[in-house]
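As a plain string of letters, each chain reads:
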Amino acid sequence: MKIPVVVIGAGACGLTAALAAKDAGQEVLVLERDATPSGSTALSSGFVPAAPTRFQRGDDSAELMFSDVQRKNHGQADAKLVQAVCRASGPAIEWLADTHGVPFQLVEGFLYPGHSVERMHSVPEKTGSALMGYLVNASKGIDLLTSARVSHVDEKSVQFERPDGSEESVEYDALVLACSGFGGNAAMVREHIPEVAGALYFGHAGNQGDAVRWGAKLGAAIRDMSGYQGHGSVATPQNILVTWALMTEGGIQVNADGQRFSNEHLGYSEQCVPVLQQPGGAAWCIYDERLHQLGMTFPDYRDAQDAGAVKMNPSLPRLEETLEKVRQYASGGQDPFGRDFSKKPTLVPPYYGIKVTGALFHTQGGLVVDEQARVLDSSGKPIPKLFAGGGAACGISGPHAGGYLSGNGLLTAIVLGRIAGATASASLYPR
Ligand SMILES: Cc1cc2nc3c(=O)[nH]c(=O)nc-3n(C[C@H](O)[C@H](O)[C@H](O)COP(=O)(O)OP(=O)(O)OC[C@H]3O[C@@H](n4cnc5c(N)ncnc54)[C@H](O)[C@@H]3O)c2cc1C
């Protein structure tokens, strides 16, 4: 069997690549290891940054988005790639909305750390599983083979295993690696990101680092393997994501002694390790009724509430003292961690609290790709017929957790997925 465009992985990246290849008139086959496509995409909040789009209200531009991404990663990502991804972001979201019926809208009411303006887009349900539902729906008519775990890739073909243990193979003219990163592979996490080796992994278990392994065998350059998206706010023991909007809009994090330990406004990704370093590997998000109401607009937070994670007036030693200090920082005092408390309303009783831990969400390092999502070798030359995007490719966050600007994950999944599908198709003879 020979198929012009083969895509491995049916998350946001793989399905977007397949849609782009189909739009370009190519025959495409998607191979997915799970019985039902979900990936980390379905576990995510489903928020995708893009600029400019017609859904946005204020002024925004690909240039402003580029500078936000680069400021967060301290200029440590490939500037040309970041520029290409930012420029293609608005058109990608509008294409998914207009051509493929994904009902994107602007996420309003708060900014994630590092975003200059509101540019997060989500489907009305505000969940990654709903986003996946729309993408799968849009992909009807594309050959999607589930329960097909790819076990081997070479220059010409891919081999995959079926649930009964049988092996099949397919030849390709162009191959898109969209099978994400290595967060589900404990040995690889230990090797490349030891600081989160013991942390909860909150992404898709099937993401085993296959793309990196196959790519390396085919001569691909690999970069930023220590980069990742962490999170410092997963309700424990319920394991439910607690929106960071609670922090950006005025909440604080304290440890079991009721003491702050960091600047919560740097970002949720870099907060993973400081939270893990607190007694018991846990912290408390502390906020008030105003923020509780904001939280209730997020499906995850409502789940946390239903699961009993949200506590009224949590009893923690020295919490009152900490809250008094925060009030002083808001009225002119200097926070030793450098956070500016003057911009948001101060917290008022009754207080709310959720016990949280730090988690690894997904890895950011991977195959080096160029602006056309072509996988490059160590001399910077494209490897024939090989494309990658999303978690399979080296992202735009640099080599540290702190370089992850909220949304970099789905941004590179959707935008590089679209570019990969289009470039892969263009590399073949038009049908
Ligand atoms: C809790 C959580 C919240 C998040 N929230 C956001 C957010 O709001 N915004 C944002 O931008 N990012 C977010 N992210 C990150 C985002 O989910 C990922 O960056 C994105 O989903 C990656 O997309 P992908 O298509 O590359 O990978 P995935 O969606 O993980 O898809 C990869 C697919 O490949 C399949 N696969 C793997 N190996 C094989 C194989 N050998 N053979 C066949 N198939 C294979 C997997 O089964 C999977 O279906 C979040 C992540 C988590 C965990």
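One can find the structure itself at the top, above this paragraph.
All values derive from a computational prediction rather than experimental measurement.

Cut-off values and rules
- Residues numbered from 1 in each chain as written.
- Predicted model: local features only at pLDDT ≥ 70, side-chain atom pairs only at ≥ 80, totals over all residues.
- Heavy atoms only, no water.
- Core = buried A, V, L, I, M, F, W, Y, C linked by side-chain atoms within 4.5 Å.
- Buried < 20%, exposed > 50% of the residue type's maximum accessible area, 1.4 Å probe, protein only.
- Contact = heavy atoms within 4.5 Å.
- Salt bridge = Lys/Arg side-chain N within 4 Å of Asp/Glu carboxyl O.
- Helix = DSSP H or I, 4+ residues; strand = E, 2+ residues; numbered from the N terminus.
- Polar contact = N/O pair within 3.5 Å; in protein donor to acceptor, adjacent residues only side chain to side chain.
- Phe/Tyr/Trp six-rings, centres within 6.5 Å; stacked < 30°, edge-to-face > 60°.
- Lys NZ or Arg CZ within 6 Å of the ring centre and 35° of its normal.
- Near = heavy atom within 4 Å.
- Areas by Shrake-Rupley, 256 points an atom, 1.4 Å probe, with all protein chains shown as cover.
- Nonpolar A, V, L, I, M, F, W, Y, C, P; charged D, E, K, R; others polar.
- Pairing = 2+ DSSP bridges.
- Right-handed = clockwise from strand over helix to strand, strands pointing away.

Observations regarding the nonpolar core
Then, in step 1: Core analysis: the biggest nonpolar cluster contains 84 residues, and Ile8, Leu31, Val158, Leu175 and Leu177 have the highest contact counts within it.
Then, in step 2: When sequence neighbours within four positions are dropped, the list of residues in contact with Leu31 reads Val6, Val7, Ile8, Gly9, Leu145, Ala148, Val150, Val158, Phe160 and Val170.
Then, in step 3: One finds Trp244, Trp284, Tyr301 and Tyr404 within the second-largest nonpolar core, a separate group that totals 41 residues.

Concerning the pattern of salt bridges
Then, in step 1: In total, this model carries 20 salt bridges according to the counting rule given.
Then, in step 2: Linking Glu108 and Arg57 is a salt bridge whose minimum nitrogen-to-oxygen distance equals 2.7 Å. Of the two residues, Glu108 is situated in the loop between strand 4 (105-106) and strand 5 (120-122) and Arg57 in the loop between strand 3 (48-49) and helix 3 (62-72); the sequence distance between them amounts to 51 residues.
Then, in step 3: Across the pair Arg119 and Asp68 runs a salt bridge, and its minimum N-O distance is 2.8 Å. Of the two residues, Arg119 sits in the loop between strand 4 and strand 5 while Asp68 sits in helix 3, which places them 51 residues apart along the sequence.
Then, in step 4: Residue Arg119 is classed as buried on the basis of its relative accessible area of 1%.
Then, in step 5: Residues joined in a network through salt bridges with shared partners are Asp60, Asp68, Arg71 and Arg119.

Thoughts on the side chain of Thr243
Then, in step 1: Looking at where Thr243 falls in the secondary structure, it is placed in the loop between strand 13 (240-241) and helix 8 (245-248).
Then, in step 2: Within polar-contact distance, the side chain of Thr243 engages the backbone nitrogen of Ala245 at 3.0 Å.
Then, in step 3: If we skip the residues at most four places from it in the chain, Thr243 touches Tyr112, Gly295 and Phe298.

Re the packing of aromatic side chains
Then, in step 1: Under the definition given, this model contains 11 aromatic pairs.
Then, in step 2: Pairing Phe47 with Phe298 gives two aromatic rings, centres 6.4 Å apart and planes at 45°, and the pair type is tilted. Here Phe298 lies in the loop between helix 10 (289-295) and helix 11 (299-306) and Phe47 lies in the loop between helix 2 (39-43) and strand 3, a separation of 251 residues in the sequence. Accessibility classification places Phe47 together with Phe298 in one group, the buried group.
Then, in step 3: An angle of 70° between the planes, with centres 6.2 Å apart, marks the rings of Tyr287 and Tyr301 as edge-to-face. Placement of the pair is Tyr287 in strand 15 (residues 282-288) and Tyr301 in helix 11, with a sequence separation of 14 residues.
Then, in step 4: Judged by relative accessible area, Tyr301 falls into the buried class, the value being 0%.
Then, in step 5: Counting every residue linked through ring pairs, the aromatic cluster contains Phe47, Phe110, Tyr112, Trp244, Tyr268, Phe298 and Tyr404.
Then, in step 6: The cationic tip of Lys126 hangs over the ring face of Phe298; the distance from NZ or CZ to the ring centre is 5.1 Å.

Some points on the site of the ligand
Then, in step 1: Taken together, the neighbourhood of the ligand is formed by 41 residues, with Glu32, Thr41, Phe47, Asp210 and Leu410 sitting nearest.
Then, in step 2: The backbone of Phe47 places a nitrogen or oxygen atom 2.8 Å from a nitrogen atom of the ligand.
Then, in step 3: A distance of 3.2 Å separates an oxygen atom of the ligand from a polar atom in the side chain of Ser180.
Then, in step 4: Burial of the ligand by the protein amounts to 99% of the accessible area it has alone, namely 1000 Å².
Then, in step 5: At four residues, helix 2 tops the list of elements feeding residues into the shell around the ligand.
Then, in step 6: Looking at the shell around the ligand residue by residue, the class counts come to 17 nonpolar, 19 polar and five charged.

Side note on the pairing of strand 1 (residues 2-8)
If a strand is regular, its side chains alternate between the two faces of the sheet.
Then, in step 1: With six of seven residues buried, strand 1 is to be regarded as a mostly interior element.
Then, in step 2: Sheet analysis places strand 1 next to strand 9 (residues 167-177), joined by six bridges and oriented parallel. Among the inter-strand pairings, Val7 is bridged to a residue of strand 9, identified as Val176.
Then, in step 3: Across four bridges, strand 1 lies against strand 2 (residues 28-31) in parallel orientation. Following the sheet pairing, Val5 is matched in strand 2 by Val28.
Then, in step 4: Regarding topology, helix 1 (residues 12-23) serves as the crossover connection from strand 1 to the parallel strand 2, and that connection is right-handed.

Treat this as a map of the structure, not an account of what it does.
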